[in-house]
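Structural overview for review
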Amino acid sequence: MSDILFPGNDFSTFEKQDKVLVGVSGGVDSAVCVHILREQGFAVTGAVIRFSPAHDKAVEEARKAAAALGIPLEIIEAGEEFERQVVEPFCQAYCAGRTPNPCVLCNPTVKLKLLAARADELGIPFIATGHYARVEQTAAGQYHIAQPASVARDQSYMLYRLGQDILSRLCLPLGEFEKEDIRQIARDLGLPCADSPDSMEICFIPDGDYAAFIRGRGLEDKPGRFIAPDGKDLGPHKGVMHYTLGQRKGLGLALGKPAFVKAIRENGDVELGWAGEEFFSGMTLRDVCCAAGGELPAGDYLVKIRSAAKPVPCHYDGKGLVRFEEPARAPAPGQSAVFYGGGLVLGGGFIDQILD
């Protein structure tokens, strides 16, 4: 982008920016987020969101963290909205052979939305979270999520669907730090969460057994057959919810050389390819959004097809079609494709179909 950028989350020069509502989880990131904002002169109130019964422990940890930090804590009940906006779409997507990312759905429709609503009720103008990302504003006045200082911890991908209403009041102070810096600050403050492990699983499925969780909700898995790279029928598989595009491990097949999941067909069959063939020239997207509002214009971008993936060059036609400059490994239907330019998140959409 050609616009001159200036930080959107440097609030030290703004007279009215004296109150902030911080999303607190009980973990080290949100605890240090509170500390940093207080050091910048904010009056901080914490808020923990109870998304489901699986989050009761997080609520208690947030209570302890708020007490240790000496801040008031709001508890926001979000069970019905979280179920409707996140859990149900997640389960339906897996049953259809897609690979959803629940955080991408939750951040704009539940987490940041409810945090902003409670801030409005309390008369607090700003909200904050412990995400590793930044907010920057262009010279034209538009706000964007920007990549953080820490490449390894970059969470900008997860926030790409946030609109201007949220971005214009969002503080992301951890975007300037590495994770070890945050842990050291917590140690210096004597916080008990300083060395707590990072959560790696989906928050509402703590044991990571997606299939068992979905079956427990009474949803039927789609059966089908394994189809070998040469078209041979290899027999039935366990159900499409057990497989994702690009998967190489856990197939339970002995084919003489490594294979991967190349496609999941609408009839439930899982098509296999040989390792080394899992690169594709393009993809189509649905529900494309633009951070600045309106339609995302056609053009050349960098695109991430997974949260931890390196952005790769591509061309977007403005109508949902993406062509990679060089074939990209295993874009998965249901995941998001997020477009970047100049370190800013410019927009993105949900991967729909993969193109050879």
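Going by the structure above, here's the rest.
Below: a short report on this structure. In this text the structure is predicted, and so the values were computed from the model without any measurement. Residues take numbers from 1 onward in each chain, read along the sequence in its written order. Local features in this predicted model are restricted to residues of pLDDT 70 or higher, and side-chain atom pairs are both shown and tallied only at a pLDDT of 80 or more, whereas totals for entire chains, interfaces and linings draw on every residue. Hydrogens and waters are ignored; side-chain quantities use all the structure's heavy atoms.

**Observations concerning the environment of Thr 109**
Note the following rule: Comment: elements are numbered from the N terminus, with helices defined as DSSP H or I runs of at least four residues and strands as E runs of at least two. Three labels apply to residues, based on accessible area from a 1.4 Å probe with only protein chains included: buried if under 20% of the type maximum, exposed if over 50%, partly exposed otherwise in between. Whenever two N or O atoms come within 3.5 Å, that pair is a polar contact, provided that in protein one can donate a hydrogen and the other can accept it, and provided that, for residues adjacent in sequence, both atoms are side-chain atoms.
Its location among the elements puts Thr 109 in helix α4 (residues 102–122). Taking the relative accessible area as the measure of exposure, Thr 109 reaches 24% and is therefore partly exposed. The spacing of Thr 109 and Val 86 is 23 residues in sequence and 8.4 Å in space, taken between C-alpha atoms. For Thr 109, the side chain forms a polar contact with the main-chain oxygen of Leu 105, separated by 2.6 Å.

**So, the packing of aromatic side chains**
Heads up, the rule is: Geometry of aromatic contacts follows a simple scheme: Phe, Tyr and Trp rings, the Trp one being its six-membered ring, pair when their centres are within 6.5 Å, and the pair is stacked under 30 degrees between planes, edge-to-face over 60, tilted otherwise. Throughout this description, the term charge over a ring refers to an Arg CZ or Lys NZ atom that lies within 6 Å of the ring centre and within 35 degrees of the ring normal.
Enumeration according to the criterion identifies 10 aromatic pairs in this entry. Seen in terms of ring centroids, Phe 90 and Phe 204 are 5.3 Å apart; in terms of plane orientation they differ by 90 degrees. Their pairing is edge-to-face. Of this pair, Phe 90 sits in helix α3 (residues 79–95) while Phe 204 sits in the loop between α6 (179–189) and α7 (210–216), and the two are 114 residues apart along the sequence. One exposure class covers both Phe 90 and Phe 204, and it is buried. Put simply, the rings of Phe 51, Phe 82, Phe 90, Tyr 94, Phe 204, Tyr 210 and Phe 213 pair up and form one aromatic cluster. Just above the ring of Tyr 132 sits the side chain of Arg 153; from NZ or CZ to the centre is 5.5 Å. Lying across the ring of Trp 274, Lys 257 places its NZ or CZ 4.5 Å from the centre.

**A few points about the pairing of strand β13 (residues 279–290)**
Stated precisely, the cut-off is as follows: Paired strands, as defined in this entry, are two strands with at least two bridges between them according to DSSP.
Strand direction decides the pairing type here: β13 and strand β16 (residues 321–329), joined by 5 bridges, are antiparallel. Across the sheet, Met 283 pairs through a bridge with Val 322, a residue of β16. With 7 bridges connecting them, β13 and strand β18 (residues 344–355) associate as antiparallel partners. Looking at the pairing, Cys 290 lines up with Gly 347 of β18.

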